[in-house]
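Examination of the molecular architecture
Each chain is listed here by its residues.
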Amino acid sequence: MDKFSYISNADVGYLDQLYQNYKSDPTSVDATWQKFFEGYDFSQQRYGENGAAPANDSLSIKETQVRNLIFQYRSFGHLKSQTNPVRERRNHNINLDHTKVGLTDADLDTEFDVASEIGMPRASLRKIIEKLKTLYLGPIGFEYNFIRNDDIRDWLHHKIEKEYYEYNPNLEEKKRILSKLNEAVVFENFLHTKFLGQKRFSLEGGENTIPALDAIINKSAELDVKEVVIGMAHRGRLNVLSNILGKTYEQIFTEFEGNVNPDLTMGDGDVKYHLGYASHINTPSGKKIYVKLTPNPSHLEAVDPLVIGYTRGQIDDEYKGDLKKAMAVLIHGDASIAGQGIVYEVVQMSGLAGYTTGGTIHFVINNQIGFTTDFDDARTAIYCTDVSKIVDAPVFHVNGDDAEAVTFCANLAVEYRQKFGKDIFIDLLCYRRHGHNESDEPKFTQPKLYNIIAKHPNPREVYVKKLVEKGIDASLADEMDKNFRNQLQDRLNEVKQKPLPYKVQKIEEEWDQLRKAKPEDFDKSPVTAISQELIDKVGKALTTIPEGFKPLKQIEKLIKDRKAAFFDDKVLGWAEAELLAYGSLVAEKVPVRMSGQDVKRGTFSHRHAYFWDANTNEAYSGLTNIDKNQARFSIFNSLLSEFGVLGFEYGYAMATPYALVLWEAQFGDFVNGAQTIIDQFISSAESKWQRMNGLVMLLPHGYEGQGPEHSSARPERFLQQAAEYNMVVTNVTTASNFFHLLRRQVAWEFRKPCIVFSPKSLLRNQLVASPMGEFTSGSFTEVIDDPTVKAKDVKRIIFCTGKIFYDLQEVQQKKKIKDAAVVRIEQLYPFPDKQVDKLIKKYKDAKLLWIQEEPKNMGYWSFIKRMLPDVEIQLGARKSSASPATGYSKIHKMEQEKIVNQAFEI
Ligand SMILES: Cc1ncc(C[n+]2csc(CCOP(=O)(O)OP(=O)(O)O)c2C)c(N)n1
Ligand SMILES: [Mg+2]
């Protein structure tokens, strides 16, 4: 019988040849085949070619049992590993005893071939167990054997069972670890004694974070990463800023002294442990790396999507899409990573085409507590990192007292990320020496634990003791301590004598061509018109499909209609205007990126930025085929997330100031899931951190009888936050004005987030269409006056914004009303007060009304009163309501008619 007759006949000859090659030189076949043939030979030794019972049946069963034992250790060893520096681990009811798999003490001295599985020559069970314990029950709990990918598991087996087993940093490496640990410990200790009781959210107990980050950065540089983007919360942030990013000690001490007058023209600022920093760092391999820490709000984990979006922006813009060149590192707290849903969203995004950054390193400073809440009240999951399971990411749980084990994990995480392009987690098990902040009493809630912690040596002392045991002279450590302490004292003395001026964080280098906005910038919008030639070029691209591409019937019609709009009627609807804005920008080499739920087609079927071949499902977009030298146009249907995706796009826009970046909500009301990003970044980042951002948010809004949930994007919330020219808030009613608005975002010499309450049913309505002339001339119009009336006849000005204009216009036309001007405020904020004043003067003696379809307590009314404090103005609106809109379409209609008719009567 043929050796491989159980495989299909066609393959047998080929396999035989491979096997012969393997026999003469195992390395002549690839690794998978090597493994296959190893297994084959093994079974041959045990069972013979015909599968007959082995000569020694019980021995082969025992080999299998040892193999099972290895599997048990690899899979569950982490649950018994020695990772907790200050308390006994919980009992997870895992039995790793050899008797569990059917072996007995009598087998301990029997030798087994399967020892080769863990990189040993044939060895006794006793020796195998000894090695398994060293590997899997030591200071690192390797949690990886659940991964459903053989290559990844095999790679990690090798890394752990060979490289970790043999790991012993050389003297230079030991010195580097010690010096970083020394900086971390002494820095905290110094601040603790010099600035007693001041909040700094010390890293004490978790100081090995600093050697770990140092290793991550150095290894990344060695493996050709050019840029590392870090996001982190309060804990240890000052330590990271100084000892990793190189923010000077003088600067930090100045902030602690807190007696320098800040420059208030730069905004309202933020507390010291929220600030960001960036610097170019020289690493021991001789390679340089750019390291950035993004500024951060208090809302835990909210910065995560921003960091990932920023990293992707850098990858797309700076590194030509090479995912290996920029890397995100997210530093989490144990309570926040377990409790905050945004972490799930970000991890779920990690492998999606539109959002991947080639793997994030998640580093958890797991001090086993969140404020005063113990970990068993903080999660159901065994580990705070269990979110890793959704993407099969390995987790290294590591004892925070073991500096070398921590460093090993850091290096391995970078290697893994660079090899597989996927997320990975390091869970640094440590403790928190003080309370939540330094003036907090931890014994109120954890008296027993904090008695233990009070007596526990710091991680530096633990490491020094270990080094001394290995024969390294203790004076090296003492000297490092003394020198660094003296250096800090000198810096502090300098600052006390001559405080440094308050320095705001430097803006990222990419932004240096832009300036801050001035109030006058909003008096008149820049010209954003384009030439007829460019319109024709984009129009052609939008209405041409590749040869052989078979569109659906409806798309064929759409293409025909679009062609007619561009080339015959010369009137463009909303979709054409929007696509023209994107197309003209990419043709002018401005990249455009959009994401959101179902944005390629558009929720309301208006956009059709891509067409799909009816037979092959191949996708095609005219916007990527305008010109050979065009900039990239990318549009991604997002996962069903708002918080994560909006945060990502905000971060992306932060990295790409010369691109147009947009996020669209499915319905405007779903923006509420992303409120944190709006409150803590979009509306306030410029004031807190001097960070501009040009992100556009499209929020479908309007009362069309679809009920309480699909009517309102909650304009009142945005308008309440509008101040100090922080963002642009609009409700645009014509296709051409939308076109100019989009183009204005990048025509400005500064950047502002732009919120657009966008249409729904009007998207495909000819009412909003604009003649070609409005695209070849002009700019964004903040206020649209009523062209149908004469100033002298006007007795009332009906100010409004958005969709209700068309309802008002209908009545005005139907009733042939000539004494009421219906005026649209297309840009609500910055409020075009000069233009509004001019109109009030033009229609002098006219009564003023503000008409909105939203309830009185919502929409624009309170904002309008804030903008026009000295003007007498009346309101027409729905009654104040708890919910934004009625669920009954009949009531909706009645309410709408009443508001619209009353506008001309009250
Ligand atoms: C979303 C959010 N909720 C609550 C808080 C208040 N808060 C600040 S720190 C903290 C505990 C965080 O614990 P953990 O994530 O373990 O970090 P640690 O302080 O232990 O390093 C809490 C509840 C916050 N900042 N953000
Ligand atoms: Mg914690």
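Quick summary incoming for the structure in this document. (Residues numbered from 1 in each chain as written. Chains lettered and ligands numbered in written order. Predicted model: local features only at pLDDT ≥ 70, side-chain atom pairs only at ≥ 80, totals over all residues. Heavy atoms only, no water.)

Notes on the site of ligand 1
To be explicit about the condition: Proximity is defined per residue: any heavy atom of the residue falling within 4 Å of a molecule or strand makes that residue near it. Any N or O atom pair separated by 3.5 Å or less is treated as a polar contact, with the protein-specific requirement of one donor-capable and one acceptor-capable atom, and with residues adjacent in sequence counted only for side-chain atom pairs. Strands are runs of DSSP state E lasting at least 2 residues, helices are runs of H or I lasting at least 4, and numbering of each runs from the N terminus.
What surrounds ligand 1 is a group of 15 residues, the closest being His234, Arg235, Asp334, Ser336 and Ile369. Between Arg235 and ligand 1, the recorded distance is 2.9 Å, taken from a side-chain N or O atom to an oxygen atom. Mapped onto the shell around ligand 1, the elements with two or more residues apiece are helix 11 (334–339) and strand 9 (369–370). Top contributing element to the shell around ligand 1 by residue count: helix 11, with three residues.

Description of the nonpolar core
Worth spelling out the cut-off: Take the buried residues of types Ala, Val, Leu, Ile, Met, Phe, Trp, Tyr and Cys, join any two whose side-chain atoms come within 4.5 Å, and each joined set is a nonpolar core. Summary of the burial criterion: residues with accessible area below 20% of their type's maximum are buried, those above 50% are exposed, and those between are partly exposed, where the area comes from a 1.4 Å probe applied to protein chains only. Residue contacts are defined here by distance: any two heavy atoms, one from each residue, within 4.5 Å place the two residues in contact.
If you look at the biggest cluster of nonpolar residues, it comprises 87 residues, and the most contacted ones within it are Ile128, Ile140, Phe142, Leu156, Ile216, Phe253 and Val329. When sequence neighbours within four positions are dropped, the list of residues in contact with Ile140 reads Ser81, Thr83, Leu135, Tyr164, Phe396, His397, Val398, Ala405, Phe408 and Cys409. Ranked by size, the runner-up nonpolar core spans 80 residues in total, among them Leu306, Ile342, Ala655 and Ala665.

Some details on the coordination of the magnesium ion (ligand 2)
Any two of four tetrahedral donors ideally make an angle of 109.5 degrees at the metal, while pairs among six octahedral donors ideally make 90 or 180 degrees. Here is the rule we go by: A donor here means an N, O or S atom no more than 2.8 Å from the metal, or no more than 3.2 Å when the metal is Na, K or Ca. Since water is not included, a site may seem to lack partners.
Donor atoms from the polypeptide that bind the magnesium ion (ligand 2) are Asp334 (OD), Asn367 (OD1) and Ile369 (O), placed at 2.0 Å. Donor residues for the magnesium ion (ligand 2) sit on one chain with the sequence pattern D-x32-N-x1-I. Classification of Asn367 as buried rests on a relative accessible area of 8%. A residue is classified by how much of its surface remains accessible, and Ile369, at 4% relative accessible area, is buried.

Regarding the sheet that holds strand 28 (residues 874–878)
Just so we agree on the cut-off: Whether two strands pair depends on DSSP finding at least two bridges between them.
Pairing is mixed in the open sheet, where five strands are placed in the order 23-25-24-27-28. Edge positions in the sheet fall to strand 23 (783–784) and strand 28, since each of these pairs with one other strand and no more. Here strand 27 (residues 847–855) runs beside strand 28; their pairing, made up of four bridges, is parallel. Bridged to Leu849 within strand 28 is Gln874.

Examining the environment of Ile906
Positionally, Ile906 belongs in the segment after helix 30 (889–903). Among the residues examined, Ile906 registers a relative accessible area of 27% and is labelled partly exposed. Between the alpha carbons of Ile906 and Gln340 there is a distance of 50 Å; along the sequence they are 566 residues apart. Among all residues touching Ile906, those that are not within four sequence positions of it are Arg796, Lys847, Leu849, Gln874 and Leu875.

Points about the sheet that holds strand 12 (residues 424–429)
Operational definition: Simply put, an axis is a line fit to the C-alpha atoms, just over the touching stretch for a helix, and the angle between two N-to-C directions goes from 0 to 180 degrees.
Read from one edge of the open sheet, eight strands run 3-11-12-8-7-4-6-5, paired in mixed fashion. Strands with a single pairing partner mark the edges of an open sheet, and in this sheet they are strand 3 (140–143) and strand 5 (277–282). Going across the sheet, the axis of each strand differs from the next one's by a mean of 20°, ignoring polarity. One ladder, built from six bridges, connects strand 4 (residues 227–232) with strand 7 (residues 326–333); its direction is parallel. By the bridge assignment, Ile230 is partnered in strand 7 with Val329. In the packing of helix 10 (residues 303–317) onto the sheet, contacts are made with strand 4, strand 6 (288–293), strand 7 and strand 8 (360–366), and the angle to strand 7 comes to roughly 170°. Against the sheet, helix 14 (residues 403–420) engages strand 3, strand 7, strand 8, strand 11 (395–399) and strand 12, with an angle of about 165° to strand 11.

Describing the pairing of strand 11
Selection criterion: For crossovers, right-handed means that the path from the first strand over the helix to the second runs clockwise, given strands pointing away from the viewer.
Most of strand 11 sits inside the fold, with five of its five residues counted as buried. The side-chain alternation of strand 11 yields two buried faces, one formed by Val395, His397 and Asn399 and the other by Phe396 and Val398. The sheet contact formed by strand 3 and strand 11 spans four bridges and is antiparallel. Counted as the bridge partner of Glu143 is Val395 from strand 11. For the crossover that starts at strand 11, traverses helix 14 and ends in the parallel strand 12, the hand is right-handed.

Quick word on empty space enclosed by the protein
Applicable threshold: Using protein atoms alone on a 1 Å grid, points that fit a 1.4 Å probe yet trap it form a cavity, whereas open point sets bounded by protein on both sides within 12 Å along at least five of seven lines form a pocket; residues with an atom within 4 Å of a point count as lining. Grid points are joined across faces, edges and corners, and a volume is the space filled by probe spheres set on the points. Any residue that is not Ala, Val, Leu, Ile, Met, Phe, Trp, Tyr, Cys, Pro, Asp, Glu, Lys or Arg is counted as polar, Gly included; the first ten are nonpolar and the last four charged.
All chains considered together, the criterion is met by seven cavities of 30 Å³ or more. Taken as a whole, the largest cavity encloses approximately 130 Å³ of empty space. Lining the largest cavity we find 22 residues, and of these His701, Asn731, Gly802, Lys803 and Ile804 sit closest to its centre. When residues of the lining of the largest cavity are traced back to their parent elements, those giving at least two are strand 21 (754–758), helix 27 (804–814) and strand 27. It is strand 27 that contributes the most residues to the lining of the largest cavity, four residues altogether. Residues belonging to the lining of the largest cavity are distributed by class as follows: ten nonpolar, eight polar and four charged.

Section: the pattern of salt bridges
Our working rule: In the sections that follow, a salt bridge refers to a side-chain nitrogen of Lys or Arg positioned within 4 Å of a carboxyl oxygen of Asp or Glu.
If you walk through the whole model with that rule in mind, you get 57 salt bridges. Across the pair Glu588 and Arg743 runs a salt bridge whose closest N-O atoms are separated by 3.1 Å. Remark: Arg743 occurs in helix 25 (residues 735–747) and Glu588 occurs in the loop between helix 20 (574–587) and strand 14 (592–596); sequence separation between them is 155 residues. Note on Glu588: relative accessible area 38%, which makes it partly exposed. Note that Glu853 is salt-bridged to Lys803, the shortest N-O span being 2.9 Å. You can see Glu853 sitting in strand 27 and its partner Lys803 sitting in the loop between strand 24 (796–800) and helix 27, a full 50 residues away along the chain. For the pair shown, Glu853 and Lys803 are each scored as buried. Taken together, the shared-partner salt bridges connect Arg67, Arg74, Glu117 and Glu161 into one network.

Regarding helix 20
Because an α-helix completes one turn every 3.6 residues, residues spaced three or four positions apart along the sequence face the same direction. The condition that has to hold: For a helix, the expected span equals 1.5 Å multiplied by the residue count minus one.
Over its 14 residues, helix 20 extends 20 Å from the first C-alpha to the last, a length consistent with the 20 Å expected when each residue adds 1.5 Å. With 14 of 14 residues buried, helix 20 lies mostly within the body of the structure. Following helix 20 by one or two positions, Lys589 has its phi on the positive side, about 70°.

Side note on the environment of Ala885
Relative to the helices and strands, Ala885 resides in the loop between strand 28 and helix 30. A relative accessible area of 11% places Ala885 in the buried class. Sequence-wise, Ala885 and Ser711 are 174 residues apart; in three dimensions their C-alpha atoms are separated by 6.7 Å. Every residue in contact with Ala885, bar those within four places of it in the chain, is listed here: Tyr703, Gly707, Pro708 and Ser711.

Structural notes on the side chain of Ser758
Mapped onto the elements, Ser758 comes out in strand 21. Residue Ser758 is classed as buried on the basis of its relative accessible area, which comes to 6%.

Looking at the packing of aromatic side chains
For any pair of aromatic rings, the description rests on two quantities: the centre-to-centre distance and the angle between the ring planes. The condition that has to hold: Between the rings of Phe, Tyr and Trp (Trp by its six-membered ring), a pair exists once the centres lie within 6.5 Å; its type follows the angle of the planes, with under 30 degrees stacked, over 60 edge-to-face, and the other angles tilted.
Within this structure, the stated rule accounts for 38 aromatic pairs. Here Tyr650 and Phe681 contribute two aromatic rings whose centre-to-centre distance is 5.6 Å and whose plane-to-plane angle is 45°, an arrangement assigned as tilted. You can see Tyr650 sitting in helix 21 (residues 643–655) and its partner Phe681 sitting in helix 22 (residues 675–682), a full 31 residues away along the chain. An identical accessibility class is assigned to Tyr650 and Phe681; each is buried. Where Phe681 meets Trp689, the ring centres are 5.7 Å apart and the plane angle is 55°; that geometry is what we call tilted. Trp689 shares its class with Phe681; the two are buried. Ring pairs connect the aromatic residues Tyr136, Phe142, Tyr144, Tyr164, Tyr167, Phe396 and Phe408, which therefore count as one cluster.

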